[in-house]
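# Fold and geometry: a report
Here's the letter readout for the chains.
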Amino acid sequence: MPKVKKRTWAFAKTQSQKNKSRRVGSCLHCKQDIMSDDSFVIFATKQPAHHRCYAKETEKEQQQQKVETKLWDNLKDWNTNKKDIYL
Ligand SMILES: [Zn+2]
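The following paragraphs examine the structure supplied in this document. (Residues numbered from 1 in each chain as written. Predicted model: local features only at pLDDT ≥ 70, side-chain atom pairs only at ≥ 80, totals over all residues.)

### Details of the overall build of the chain
When you go through the chain residue by residue, the secondary structure sums to two helices and four strands. In sequence order, the secondary structure elements of the chain are arranged as α-β-β-β-β-α. Taking all 87 residues of the chain together, the buried fraction comes to 6%. (Helix = DSSP H or I, 4+ residues; strand = E, 2+ residues; numbered from the N terminus. Buried ≥ 20, exposed ≤ 12 C-beta atoms within 10 Å, placed from the backbone.)

In structure tokens form, the structure reads like this:
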């Protein structure tokens, strides 16, 4: 049955083309689908995000960080003090 064989081949080819730009996941920031041929980043939490969304968020975070860094420093000091007490 050569006809069937040919159809199987055509199907296999379509599948592999689909795999070339497969869906990576939904963006952490805009919740839209990310395709593997988009520009994207993957976080340590295995969550992907569009590169453009990531850049936008990073910019926003950097402005927040000025406040957060101060909080972090306070917390670090607190931890150090606590450790000193236990030692
Ligand atoms: Zn996005």
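### Some thoughts on the environment of arginine 22
Relative to the elements of secondary structure, arginine 22 occurs in the loop between helix 1 (2–20) and strand 1 (23–26). Residue classification places arginine 22 among the exposed residues on the basis of 9 C-beta atoms within 10 Å. Between the C-alpha atoms of arginine 22 and aspartate 38, which are 16 residues apart in sequence, the distance is 10.0 Å.

### Brief notes about unusual backbone geometry
For lysine 31, which is not glycine, the phi dihedral falls at a positive 65°. Positive phi values are uncommon outside glycine, yet lysine 46 reaches one of about 70°. Checked against the element boundaries, lysine 46 lands in the loop between strand 3 (40–42) and strand 4 (48–50).

### A short note on the pairing of strand 1
Consecutive side chains of a regular strand alternate in pointing toward one face of the sheet and then the other. Note: strand 1 against strand 2 (residues 33–35), three bridges, orientation antiparallel. Considered in strand 2, the bridge of arginine 23 is made with methionine 35. (Pairing = 2+ DSSP bridges.)

### Brief notes about the environment of isoleucine 42
Position of isoleucine 42 among the secondary structure elements: in strand 3. As for isoleucine 42 and valine 24, which are separated by 18 residues in sequence, their C-alpha atoms are 9.6 Å apart.

### A look at the environment of aspartate 33
Along the chain, aspartate 33 falls in strand 2. The class of aspartate 33 is partly exposed, set by 13 C-beta atoms lying within 10 Å. Put simply, aspartate 33 and proline 48 are 15 residues apart on the chain and 9.7 Å apart in space, counted from C-alpha to C-alpha. Leave out the neighbours within four places in its chain, and aspartate 33 touches Arg23 and Ser26. (Contact = placed C-beta atoms within 7 Å.)

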